[in-house]
Structure formats: structure tokens, C-alpha cells
Amino acid sequence: MSSLTVDEVIAQVQDALRTAQADVAIAQLTALLQRPLSAAQLAHAHALLAQAYEFQSRWDEAAQLLHPYEERARTAALPATVHQLLCLRLASLRTEQGDLPATIYFARQALQLAKLAEDGSAQGEAHQMLGKAYRLLGQPAFARQHYQAALNLHQALGTRVLMAKSYFGLSVVAAGSGEYALARQSLQRAFNLITAADDPLLYGLLCSLQASTLSLEEVASLDERLPWLARAKAAFETIGHRRFLARTLGNWGDQLLRVGQWQEAQALLQQSLALGQELQDRRSLANVLESLAELHTLQGHDEISRSYLAEALAWVEGHDHFVELQVRLALARWQWQQGQHAAARVAFEQVSALASETEAKQWQMTAQLFLAEMSLQERQDTTVEEILRSCQPALEQLNNLGLVGHLRFVEGGLALARQELSVAREALEQACTVFGVSGRCWWLGRSNFRLAEVLAQADQLPAAHEAMHRAAQEFQRLAAQPFLQQCEEWFRHHPLPPTGNTDFQPPTHNAPLVFTETEGVGRLLRAAPFRDVVLHELFALLQAELPPCHLTLSEYTEPGALRLLFQSDGPLPPGEACLLRLEPWRCPPLALAMRPAPTLTPRLGNLLQAAQTALEVCAARERESFTTASEQQAEHLDRRLPGLLYQSQAMRALAARIYQIQGNDITVLLLGETGTGKELIAQAIHALSERRAHPFLPFNCAYLSSTLGESQLFGHRKGAFTGASQASEGVIRAAERGTLFLDEIGDLPWEVQPKLLRFLQSKEIHPLGASQPVRVNVRLIAATHHSLEDLVQQGKFREDLHYRLNVLPLYVPPLRERREEIPLLAQHFLADYSAAINKPGVRIAPEALDLLMVYDWPGNVRQLENEVQRLVALLPAGALIRAADLANRLRPTVRPAANGKANSPVIRSLTERVAEVEKTAIHEALAQAGGNITQAAPLLQLTRKGLQLKLKRYGIDIPLAGH
């Protein structure tokens, strides 16, 4: 390493930190610090070493390095980039130390330095640090603003990893505010941008947050959540990040605890506790202590639980607002269960107030529902009603399955207190369904316990025993002795007749349901917007409604393919089957099979119709709703150049230059890559000139031949050469009093260049065969993607002509230098092509827009237009363009699968790669030809028969009716 310069070593260290190789970075920096360094180099090395120490949770060592730089006098003389990096590291250190005001101070200083340096990437990182600080302070609105500002900056730069990091921050804020659908959407957009190889640390954090979000929303099973935690654990173990490993182990243990696997949960929680204590990581310690406290509370170890909660609060108080709310809520529950009702009520009210101030809606609603339970216990029915009424709008907005179950549980308790037994039974049965779907065994036990009380009062003692057996079964899974004792006491007071059996045996079937049509329809509609709950309720109601038969409910995963959801117990009876198909709007169709075929009644039809309506509500709530980028940004558009959509700083500067020459006939040379829109710029220049009422004539010099080029440009008289049967005025005279746009001027044949030079000098042309020159009044705008200077050096372009053309050179930036315009252009092309081929309602999903933003677009705007045209041609009307619909070159090579398992990179053969290229080219040609095979074949240099054979080989459907 001694042969490397300091800058080269610094670059290697930065690469190591980007890939989470903290050990490598520390070793390189330790060696570097043995060498003589300038003050700026030393500060830079110290900042990077502090970053590496942070990665390993070595906060004391990081603090020792950074402390001398806290004084402004030590940093003022440093280069701005080093000063900015030190401020970021100091902000991160202060976050860990719980000094959030200092975090904000240093992060704002870093932001100001980055703005002065016009460093968009550094500005984004400072915004991300501010977002984190405000989130920890319980200010989600400010946090969201900073994360969004970071995202906007990184989108303009096309930096995939930093965009994903911003989406991670936005997802954390959304999850903390109970906006779970938004959180999952942001996470999916991040997963579409990066893989584990891009940034293993960020990838692990995304996987861990995905598991936490699914757990908070309670819509996914344990089998769906655990793979995400397994991938997070593997990522953190691979890179040796012990702090996040401790948090993941704690999260995993908490997930297992909720579903009753308490022994495995306790082992994981103890591992997390030991690691968290070693690292003194406040968040992991608070979370794991709160989970252990819940376990010990359930098992009757009250003093251990109290000490754990007190310790958890001490660790997290003032450091992480949302975790602190969670711990305070657990402490209030502990006080209530211990009979400390006055203290518990005060604690619940405090949690509700704090959560309301900071938009932590889930904790606010949870505290309110526990207050309702306390009021119910104290027989304050009116207070319970008021609380439930006030909670209803927020609960509908939150769309949280666990809170809905808690609400139904309280509603059932209120109806029981009023002896409205039918209403109570319906609410509690749905609470049991909800907690059965989410796997929350303690809550399922509580709901079944209360359901047993309702059924006993309704003189349905066998059904009551079934419900109490189910309650006891759930409490046994948790070893929750206090609750098991309550079950045993209930059995003693509610004995069955002598033939009954009161041993704790798992029931073989659910208690029979008896319901009116109105009750059944109401249960289905109230189960929305949770699809799994609707399906569970539907199957239970069908079992009760239909005469004895074998019943299956399946879902069509694709045409002709079924996935079994539910089926009746017992063997398949003989007889003919009846198959009904439900087709909810925007939902997978369902198949209901019954054997033997029952008589179909209007009541059954009404139930199925209610289920279909409920499923449509689920789809509507789940469907992604977002404001298109063009709508978000329309107010920021610069509209000074007619016919163009733009808003980037580079294009605004170009527009300003064009406005400076408004009304002037100066010759303009447009420079830029192919496909950037140089002709549109030329049209805008013409539209702003005094010549706008006269022709704008574009001509591509690449089409000029060396023999006929002179005639094409300058015209000829009849008989001027063999075959000149008619006179031609040429393109220059055709643009009389207007503007001639010569595209690809660098391809102008050498033989024609002297005559074009004469035209520029004298405004005269000499048509072939004419005896006298002709004076013309035409303005010239030229364009090229070549370097004319290089062509002059190569002897391919006249130097004097170059000087004449290069009066006012204007550079048109490539699309990758103005990425903020990509969504606007994509939406514009989408609207145009959707209307052109009558496919209304086609939209672009946010994750697909992200991939369009980060691609480099070597073909520029023209390539983007072709991609949108291809997508519109291939997809049906009303389709949502997803990331998977984009061309392969636009998508990352590895993406997480829907089941949470990683897709491994695949080494493909040359044949496979060629096939992929061919398929992409065929799709693009078909899109360009509007689905017409005859027109598409020449574009691919194939015969019509050859194209048909390839379509058959690759299984490509024709997007439009064509020949």
C-alpha cells in the first residue's frame, strides 16, 4: 500500500466502507495514519476511521477521533468536502449519544457546506441524517420532508443505492405512523433498485424492516415474515454488523413469542440481550427487554417483568420516540394487569397524548382501546361508546389487522355487558378470526375466553366449552399459568352434563354457527379491508349455511390453475359436484366446489355477493394510489420553450441562452448526443424568432449522397444533369423566409461543404445548371452529435465552415444529465401512445418509474420514447406498468422474490443471452410497427416468414391485430 498515493488509499477505503468491509477500511486507515499527512488528509482519514468504528459499534473510539474537530476553529480551514464529512460523522455520533439537537446542528452544517459546493449527493446524505434525527424526536412530518428531499436529489443523480436509502427512511417513517401500505410500497421500490451485492448493510436493513412492517400490520403469516428476518440475519452476519444482528435476533424472538413458540423465542431474545449489553445498543436492549417482560407477565413472573420494563425505559427514554412509546404502553398494560388501575389509566392517557402529537397512530389507538377496556371493566358503558366512536375513523385509515381485532374484542365485551348476546357473539367470533389469521395466540385466547362467556350466557354450553378449550390451548402454548387458571376456574363453574368431557383437548371442529342473513352479510362486509379475514369468514359462514357436504374454496392463480385455500374435513363423498365461480373486480377469481351439489338458495347468493363486495373493497384499499410524477412536478415546469417539457437546471440554462438570442438571426450549432431532442430545440428557436410565420424545414445531412447532395440542397435547373427532367428549388430555397435545420451536419459530404460555406457567407446559392446565383433569405440552425473539431483534425470537415457554423454553440444535455425530466417525458409519451392506439388507463407504477430514473439511457429521449411505446403496445388497456414489464436491460439482475427468498445470480449461456437480445429487439420492432408483422420484419432485416418463426420459437404474442 506504500506505493499508493494518499488519495488512492482514501478511494480504496471509501470503496470498502460502501461494501461494509469495516475491517479492511480500519486496516488501511491504520497504516495510512503512520505516514506523514497534511491537516486535511489527517482529518479526512479520521472521519473515515470514525465511520468504520461506528459500523462496528465502537462508539468510544469514534468519539475520541472526532472530539478535537468539534471546535469550528479546527474545521474552518479544512476543505469543504472534508469539513462536510466530519459534520456528518459528528451528527451520527450525537445520534447514538442521544443528543438529537446536536445531531440536527451538525447535519444542518453539513447540508450548508454541501449546498455551497453544489454537491447533490452530499446534500442528500445530510438530508437523510436530518430525517433520522427528526424521526427519533417524534417529528414524522419533518422527517418525511428531509427524506423526500434526499430522494429528489438522488433521483436527479441516478444513484440507485442512495435512492434506496431514502426509500428506507420514508418507509420507517410511514411504518411508525401506521401507514403500512405506503411503507411496503417504499420498501418494494428500494428492493427494485438494489441487491445484496450493491450494499449488504442497507439490504439487510430493508429485509428487517419488511419483516417488522408485516408484523405491525399483522397481515402476513409467520412463514411469510421469517424469511425476511433470515435474510437480514445472514446479511448482518456476513458483514459482521453485530448491532443490527442483535436487533434482528430480538425481532425474530418477538415474532416467535407472538405465535406461542416461547421457548425458541426466549433463546433468541437472550442472545439479543447479551449482544445488546456488550454493545450497549439502546434500541435493541429496549426492544428485547420489553419482549421478555411480556413473556414473564404472561407466565406470572410479575416482579421480573416490572424490572425488565423499568430497565427498557431507562435505555430508550429520550433516544427513540417510537420505541419509548412501545415500552410505556407495555408498562401501562403491566400496571393494569396488576390492579393498579389509577396509575394505568394515567399511563395510557399519556401514551395516547404523546402518540397523537407525533402521528404514532398505532400506539395512540392501542392506548385508547385499552382505556376502553378499563372503562368497560368499571362499567362505564357511555365512556366506552365514546372511545370507540372516536377511534373508528383512525382505525379505518390505519388498516391494521391487530387493532381491528382489538376493536371487535372491546365491542363484544360492551355487547356482553348490555346482554346483547347475538351482537357480542358476532363481534367476538370475528375477533377470533382476525387473531387466528394474524397468529396472535394470547389475543386469540382472550377472544375465545370472552366468546365462551357469551355462549354460556346464551345457554349454548357445549359451544361455550369448545371456545374455552380453544382459549386454554392458546394459553398452554405460552405457558401462561394465570390465564390457564382462569380457564380451569371457568370450567369448574360451568360443568357439562355428566356425558361431557372437560379435559383440555384441542377441539376437532368449530362450534356450529347460527346466524341471520343480515348478520352473515354484515360479518363479511366488516371483515374488509382484510382479504384473509374475508376468506376465513366466508368459508366459516358457508360451512354453517350449507347442508353437510364436502366444501373447498380455491383461488385461480392463472387461467386454469387453482390454489386451494380451505377445504372441509373428512373424505370426499360420492355424487355430482357443484362449482361456483366468484370474480371480484381487480381480484383473482375464486372457485367454490360443493359435493354433493346442494340446492342453491337466494340466501347463499346474497352471502356470495357480499363476499365479492368485501373482496373488491380489499382490492381498492390495497391498490396502489399515487400521484404521477408529472402531476407532482407540473407546477415547477419551465414553459418558455414551446413544444418542450423540461425542468432541470441544465435545460433551464439552455432556455435562458435561447431567450437571449430571441429576435436575432444568428447561426446556431446544436451539440449533443443522438436522441436528445435537438430538432425540438431547433423548432423552439424558430417559434421564438421573427420567422415563426414561415417554414421550419428539417433536413438530415446523413441522407445526402456525394453525387446528388449538391442538387438536394441547392436545387437544379431542368436538364442540368442526366435524369433532371424537372427543375428543383432544393431544400434551402424551400425554407425561404423561414428556418432550415440541418441535422447531423458532421455527415455533410466534403464536396458539398464549400457551397454551404458560400451560402453562409453571402446568403446566395448557385443551383446546378443555373447561370446566375440566387439570393435567399433563410436562417440556418445546424446540429451534430460528432465533435466537429475532431472531424477538422481528421480532414473530414472544413475548418472555415466549422468557424461559420460555430457562431453560437448550444449544448443539449443527455437525458442522464437531466433525470428529473424522465417521469415527465415518460408520462407524456404514455398519454400520447395510449390515445393513439386506444388503450386508455395505462399507468406507470412508482417502482417502474424509479428504474427509468436510474437507467443511463444511451439512446436518450428517443430510447425512452421507444420503451414507452413498446410497453403500451404489449399491455392491455388499464394496465399498471410494473418493474417486471420493463426491458431486461432496465432491471437489476437480482431481485428479492415475493416469498422473501433471494434469487441467486444465474450464469447464462451465450445462446440464452442472444435469445434475450432477439426477444427485446422483436418486441421493440412490433411496438414500432403497431403489431404489424409485415412492417416489423424489415426493421429486423428479416423476411415475414422468418419473423413468424421467431415469434413461434419465443412464444411471443402479437400485441395488436396485424399481418
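Our structure's up above, just so we're on the same page.
Computed from a prediction, not measured in an experiment: that's the story for all the values here.

Asks: A description of the state of the cysteines should follow, citing residues and the corresponding values.
Replies: Enumeration over the complete set of coordinates arrives at 0 disulfides. The thiol of Cys487 is not disulfide-bonded; the next cysteine sulfur, from Cys432, is found 12 Å away. Of the residues examined, Cys487 reaches a relative accessible area of 0% and is grouped as buried.

Asks: Residue-level account of the sheet that holds strand β5 (residues 668-671), with values.
Replies: Ordered by their spatial adjacency, 5 strands build an open sheet running β6-β7-β10-β5-β11, and the pairing between neighbours is parallel. Here the strands that pair on one side only, and so sit at the sheet edges, are β6 (696-700) and β11 (808-811). Each strand of the sheet is rotated relative to its neighbour by a mean of 20°, with strand direction disregarded. Bridge count for β5 against β11 is 4 bridges, and the pairing is parallel. Bridging from a neighbouring strand, Leu670 pairs with Leu810 of β11. Here helix α32 (residues 678-687) sits on the sheet and contacts β5, β6, β7 (739-743), β10 (779-784) and β11; the angle it forms with β5, its principal contact strand, is near 155°.

Asks: Can you lay out the pattern of salt bridges for me, pointing to particular residues and giving the numbers?
Replies: Should the charged atoms of two oppositely charged side chains come close, the side chains can pair. All told, the structure shown has 35 salt bridges when counted by the stated rule. Glu317 is the salt-bridge partner of Arg328, the closest N and O atoms lying 2.8 Å from each other. In this pair, Arg328 is assigned in helix α18 (residues 321-337) and Glu317 in the loop between α17 (302-316) and α18, connecting sequence segments 11 residues apart. Using a relative accessible area of 41% as the deciding quantity, one classes Glu317 as partly exposed. Between Glu373 and Arg446 there is a salt bridge, with the nearest N and O atoms lying 2.6 Å from each other. With a gap of 73 residues between them, Glu373 in helix α20 (residues 361-377) and Arg446 in helix α24 (residues 441-457) connect regions that are remote in the sequence. We classify Glu373 as buried; its relative accessible area is 5%. Residue classification places Arg446 among the buried positions, given a relative accessible area of 14%. In the salt-bridge network here, residues are joined through shared partners; they are Glu317, Glu324 and Arg328.

Asks: Can you lay out the nonpolar core for me, pointing to particular residues and giving the numbers?
Replies: Counting residues in hydrophobic clusters, the biggest one holds 187 residues, and the most contacted among them are Phe348, Leu852 and Leu864. A per-element tally of this core places α24 first, with 10 residues. Excluding residues within four positions of it along the chain, Leu852 makes contact with Ile822, Ala826, Trp857, Leu864, Leu886 and Leu890.

Asks: Could you give an account of helix α38 (residues 822-836), naming the residues involved and the relevant values?
Replies: The end-to-end C-alpha separation of α38 is 21 Å, in line with the 21 Å expected for 15 residues at 1.5 Å each. Every buried residue of α38 is accounted for by Ile822, Pro823, Leu824, Leu825, Ala826, Gln827, Phe829, Leu830, Tyr833 and Ser834. Once α38 ends, the next one or two residues include Asn838, with phi positive near 55°.

Asks: So what's going on with the packing of helix α12 (residues 200-217) against helix α13 (residues 222-239)? Residues and values would help.
Replies: Contact geometry for α12 and α13: axes closest at 8 Å, N-to-C directions at 155°. It follows that α12 is roughly antiparallel to α13 by the angle criterion. Both α12 and α13 take part in a crossing whose hand is left-handed. On α13, the residues touching Pro200, Leu201, Tyr203, Gly204, Leu205, Cys207, Ser208, Gln210, Ala211, Leu214 and Ser215 of α12 are Glu224, Arg225, Trp228, Leu229, Arg231, Ala232, Ala235, Phe236 and Ile239. Across the contact of α12 with α13, the residue classes break down as 13 nonpolar, 4 polar and 3 charged.

Asks: Give me the lowdown on helix α2 (residues 22-32), citing residues and values where you can.
Replies: When we look at burial in α2, the residues that qualify are Ala22, Ala25, Ile26, Gln28, Leu29 and Leu32. End-on, the buried residues of α2 take up no more than an arc of 170°, which puts them together on one face. Contact partners of the buried residues in α2: α1 (6-18) and α3 (39-55).

The rules behind the values
- Residues numbered from 1 in each chain as written.
- Predicted model: local features only at pLDDT ≥ 70, side-chain atom pairs only at ≥ 80, totals over all residues.
- Heavy atoms only, no water.
- Disulfide = S-S within 2.5 Å.
- Buried < 20%, exposed > 50% of the residue type's maximum accessible area, 1.4 Å probe, protein only.
- Pairing = 2+ DSSP bridges.
- Helix = DSSP H or I, 4+ residues; strand = E, 2+ residues; numbered from the N terminus.
- Axes fitted to C-alpha atoms, helices over the stretch in contact; angles between N-to-C directions.
- Contact = heavy atoms within 4.5 Å.
- Salt bridge = Lys/Arg side-chain N within 4 Å of Asp/Glu carboxyl O.
- Core = buried A, V, L, I, M, F, W, Y, C linked by side-chain atoms within 4.5 Å.
- Expected span 1.5 Å × (residues − 1).
- Parallel < 35°, antiparallel > 145°, perpendicular 65-115°, else oblique.
- Left-handed = near helix turned anticlockwise from the far one by under 90°.
- Nonpolar A, V, L, I, M, F, W, Y, C, P; charged D, E, K, R; others polar.
- Arc of directions from axis to C-beta.

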